[in-house]
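Observations on chain architecture
Each chain, letter by letter, is given below.
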Amino acid sequence: MINNISFSGGVHMNEYKEFSEKQPIEKQNLPEFVHIPVLQGTGVACEPLVKKGDTVKKGQLIGSCEASYSSSVHASISGTVVDIKEMFTAEGKKVSCISIENDGTEDEVVYETKNRDGEVDPKELVQVAKDAGIIGMGGGGFPFNVKLNGAIGKGVDSILANGAECEPFLTSDHRTMVEHPEDVIKGVALVVDALNADAGYIAVEDNKPDAIDLLDKTASDFEKITVASMITKYPQGDSARVIDSVLNRKVPIGERSGSVNAFVSNVGTFKALADAYYNGKPSIERVISVTGPGVANPKNILAKVGTPVIDLINQCGGFKGDVVAVISGGPMSGHQIFDLDSPVTKSITGIVVLTREYMDFRDPTPCIKCDRCIHACPVKLNPQVLEKAIRKENFDMAKKLHVEECIQCGSCSFVCPAKRHLAESIKRAINEIWARGN
Ligand code: SF4
Ligand code: SF4
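Just so we're clear, the structure is a prediction, and the values are computed from it rather than from any experiment.

Turning our attention to the site of ligand 2. Ligand 2 sits among Cys 367, Ile 368, Lys 369, Cys 370, Asp 371, Cys 373, Gln 384, Cys 416, Pro 417, Ala 418 and Leu 422. A class-by-class count of the residues in the shell around ligand 2 yields eight nonpolar, one polar and two charged.

What follows is the structure, encoded as structure tokens:
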């Protein structure tokens, strides 16, 4: 095991994991309806393969796309297709969704599994990932088949399963590692074999000692797999920070992990890959932490893709206290959910419900030039100077100051004693620069 590793910059913050870290993964109550978005993360949207009135089985392929930068979608329940219409997902993206009314039978498509004992064929693994509709489950939502395909023959030597889960409150990866350590490791071993890599690492923040112990014991049965225990610090879960901590390699700005011969994906993604490869399971459910002070009984729920957010909150006993925000993902980099009927996708890690006492509504005051934002920035930007340029609408200056290199982690806003909206301004500048196309 590798211990006590980290990156430079970042912030220490209250973790608030106690709300749900000890809650075992609970099966979801059968939803009345699901609304399956035909685009789950990034890429080209699928074409629906079903129409209104069709009956579908759980696990049935209901959307696919010929484009390589895409990922399939499957029914997460059995029932009848009642509508296909545009809806907002819980991440706030407007996308066509296939609505299915549950017939309660859980009638399921059983996919054939092949004998998987021999060498791993990389192209076959890519196809398995595409057919199963696996996307990055840490929040990014990048089609896994595209990522894997792009890494074949490119000299990748290290495979990293990202189990940092550095956002406050979230515990879905933690529970996945504690309850399914072997599946996570099997998924990593598959990619190590497929890419002929030298080593695979399960990288976990040291605030999850139970997961680290279990993974370490399990990894002893697997050649080439090592557990890396990282110092708990935000944003350790950013893939470039994981690479820096574990491999001591710096991903050049604007480049991907492959440029330093590394391949990184979330621990849940590797588990989904093992499920698909060994058990023929399509990606139709994922663990979601429904947590925070505004939830009556916080839980980690094995949620069916397409379930309305409100169903998951109700399974946790509903709201509690003076609720002021419902967030998809973590509070540092997540998005406010504005419609509780919106469906969850494969890339949603958690639903965090915050009450008034957990929010800071103070108005910004003038910058006191303390430089805390500079020290906190993991990519070495100067948020204070950037914000000044952006306030003057000087986007050319912001661009010169490398604003586009911001990973939108929010660390600068978090540490600012003047409560300046640094990360928000920077995001606005990036959107403006991209909209202008220069
Ligand atoms: S400038 Fe961007 S990368 Fe740096 S701390 Fe702020 S949000 Fe994070
Ligand atoms: S942290 Fe806030 S107050 Fe301090 S230098 Fe940065 S913007 Fe100014």
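What the domain assignment reports for the protein chain is domain 1 (2–21 + 115–279) and domain 2 (372–436). Between domain 1 and domain 2, the residue contacts involve 12 residues of the former and 12 residues of the latter. Here domain 1 packs against domain 2, burying approximately 870 Å² in sum over the two surfaces, 65% of which is carbon and sulfur. Looking at the side of domain 1 facing domain 2, the largest losses of area belong to Val 11, Arg 241 and Ile 253, adding up to 44% of the total buried there. Along the contact surface separating domain 1 from domain 2 lie zero salt bridges. Our enumeration of links across domain 1 and domain 2 arrives at four residue pairs in polar contact (both at pLDDT 80 or more).

On to unusual backbone geometry, then. Across the junction of Tyr 234 and Pro 235, the peptide omega takes the value 0°, indicating a cis bond. Mapped onto the elements of the fold, Pro 235 is located in the loop between β12 (225–230) and α6 (239–247). Of note in this structure, Asn 4 is not a glycine but carries a positive phi near 60°. Note on placement: Asn 4 falls in strand β1 (residues 2–5). Accessibility expressed as a relative area gives 59% for Asn 4, which makes it exposed. A positive phi angle, near 55°, is found at Asn 196, a position not held by glycine. Mapped onto the elements of the fold, Asn 196 is located in the loop between α4 (181–194) and β11 (199–205).

Quick look at the site of ligand 1 now. Ligand 1 sits among 14 residues. The nearest are Cys 377, Cys 406, Cys 409, Gly 410 and Cys 412. Contributions of two or more residues to the shell around ligand 1 are made by α12 (411–415) and α13 (422–436). Of the residues contributing to the shell around ligand 1, the split by class is 11 nonpolar, three polar and no charged.

Next up on the list: the packing of aromatic side chains. Taken as a whole and assessed by the stated rule, the structure comprises 10 aromatic pairs. Between the aromatic rings of Tyr 16 and Phe 169, the centroid separation amounts to 4.8 Å while the plane-to-plane angle is 15°, which identifies the pairing as stacked. Of the two residues, Tyr 16 sits in the loop between β1 and β2 (25–27) while Phe 169 sits in the loop between β10 (158–163) and α3 (172–179), which places them 153 residues apart along the sequence. Given a relative accessible area of 3%, Phe 169 falls into the buried group. Ring geometry for Phe 88 and Phe 338: centres 5.4 Å apart, planes at 70°, overall edge-to-face.

Working definition: the strands of a sheet are paired by backbone hydrogen bonds and lie parallel or antiparallel to each other. Spatially, β3-β9-β8-β5 is the arrangement adopted by the four strands of the open sheet, whose pairing is antiparallel. Here the strands that pair on one side only, and so sit at the sheet edges, are β3 (33–37) and β5 (55–56). Relative to strand β9 (residues 94–102), strand β8 (residues 79–88) runs antiparallel, the two sharing nine bridges. Counted as the bridge partner of Gly 79 is Asn 102 from β9.

Right, let's get into helix α7 (residues 267–279). Its 13 residues place the ends of α7 18 Å apart at the C-alpha level, agreeing with the 18 Å of an ideal helix rising 1.5 Å per residue. Within α7, 11 of the 13 residues are buried, which leaves the element mostly enclosed by the surrounding structure. Among all positions of α7, only Val 267, Gly 268, Thr 269, Phe 270, Lys 271, Ala 272, Leu 273, Ala 274, Asp 275, Ala 276 and Tyr 277 are buried. The opening residue of α7 is Asn 266, an N-cap whose side-chain oxygen sits 2.7 Å from the backbone nitrogen of Gly 268. Following α7 by one or two positions, Gly 280 adopts a phi angle in the positive range, close to 65°.

Rules used throughout
Residues numbered from 1 in each chain as written. Chains lettered and ligands numbered in written order. Predicted model: local features only at pLDDT ≥ 70, side-chain atom pairs only at ≥ 80, totals over all residues. Heavy atoms only, no water. Near = heavy atom within 4 Å. Nonpolar A, V, L, I, M, F, W, Y, C, P; charged D, E, K, R; others polar. Domains from an automatic or database assignment. Contact = heavy atoms within 4.5 Å. Buried area = accessible area lost by both parts, 1.4 Å probe. Salt bridge = Lys/Arg side-chain N within 4 Å of Asp/Glu carboxyl O. Polar contact = N/O pair within 3.5 Å; in protein donor to acceptor, adjacent residues only side chain to side chain. Helix = DSSP H or I, 4+ residues; strand = E, 2+ residues; numbered from the N terminus. Buried < 20%, exposed > 50% of the residue type's maximum accessible area, 1.4 Å probe, protein only. Phe/Tyr/Trp six-rings, centres within 6.5 Å; stacked < 30°, edge-to-face > 60°. Pairing = 2+ DSSP bridges. Expected span 1.5 Å × (residues − 1).

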